[in-house]
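Residue-level structural notes
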Amino acid sequence: MVRVKICGITNLDDALMAVEYGADALGFVFATSPRRIEPNVAREIIMELPPFVSKVGVFVDEGAQAVQKIAKECGLDSLQFHGKERAVYCSAFKGAYKVIKAFKVSADFKFETLRGYGVDGVLLDTYVEGRAGGSGLTFDWQIAREVKASSMRPLILSGGLNPQNVAEAIQAAHPFAVDVSSGVEAAPGRKDGPKIEKFIRRAKGRPCD
């Protein structure tokens, strides 16, 4: 069954709602974004989460010491790097955390970009000039399917997913997991309960009422 990560969590109500509807992982953004969260706030939310929910910190070209400090303070178990982080940088966190490297997909995406990254998972997002993520735009999912076949690492599909297209995206790319933020929001940083419920149901192949 496809796993679901609800990203851009900024408050406890949204976090608990996402978990109640079946989210496998929650994402906390520690980078410049309308969904940015301070580490002390993320820690308070994470302390209230039930067991077996993965806590993912999202970083963009952050210093390694700062990442380590935030991860320890917040109780993160996975790190997701969305910037220009090199393979050696990502490898430094292996063992202590699960490491996910995000790559931006454009029309001229080159598969060689993934070479050398010994990470635990590869996330594909839509390339948008000047944006690290959260654009709400999709890319060609056939590329994701080809990346999955060639990389032999768990594929996480992101970029423009929403309750209306997530089932189609999964059918096209066969990812290990899907990652959504803006597609289940009422406003930037504020989640929409019915959208989350419908998204998770469709991602996991459950009937919607």
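Our subject is the structure listed above.
Notes on the structure follow. Quantities reported herein were computed from a predicted structural model and do not represent experimental measurements.

Looking at the secondary structure, you find Ser 33 in the loop between strand S2 (25-29) and helix H2 (39-47). When the C-alpha positions of Ser 33 and Val 2 are compared, they lie 27 Å apart, and in sequence the two are 31 residues distant.

Further remarks concern helix H6 (residues 166-173). Among the residues making up H6, those that are buried are Val 166, Ala 169, Ile 170 and Ala 173. For H6, the angular spread of the buried residues around the axis is 100 degrees, confining them to a single face. Of the residues in H6, the exposed ones pointing more than 90 degrees away from the buried face are Glu 168 and Gln 171. Where H6 is buried, its residues touch helix H5 (141-151), strand S7 (155-157), strand S8 (177-180) and helix H7 (193-203).

Right, let's talk about the packing of aromatic side chains for a bit. For the structure on display, the rule yields seven aromatic pairs. Ring geometry for Phe 30 and Phe 59: centres 5.3 Å apart, planes at 25 degrees, overall stacked. Of this pair, Phe 30 sits in the loop between S2 and H2 while Phe 59 sits in strand S3 (residues 54-59); the two residues are 29 residues apart in sequence, bridging distant segments of the chain. The same class applies to Phe 30 and to Phe 59, which are both buried. Between Phe 81 and Tyr 89, the ring centres sit 5.2 Å apart and the planes meet at 75 degrees, which makes this aromatic pair edge-to-face. Overall, the relative accessible area of 18% leaves Tyr 89 in the buried class. Within the aromatic cluster, the residues linked to one another by ring pairs are Phe 30, Phe 59, Phe 81, Tyr 89 and Phe 93. It is Lys 101 that lies over the ring of Phe 103; its NZ or CZ is 4.9 Å from the centre.

The rules behind each value
- Residues numbered from 1 in each chain as written.
- Predicted model: local features only at pLDDT ≥ 70, side-chain atom pairs only at ≥ 80, totals over all residues.
- Heavy atoms only, no water.
- Helix = DSSP H or I, 4+ residues; strand = E, 2+ residues; numbered from the N terminus.
- Buried < 20%, exposed > 50% of the residue type's maximum accessible area, 1.4 Å probe, protein only.
- Arc of directions from axis to C-beta.
- Contact = heavy atoms within 4.5 Å.
- Phe/Tyr/Trp six-rings, centres within 6.5 Å; stacked < 30°, edge-to-face > 60°.
- Lys NZ or Arg CZ within 6 Å of the ring centre and 35° of its normal.

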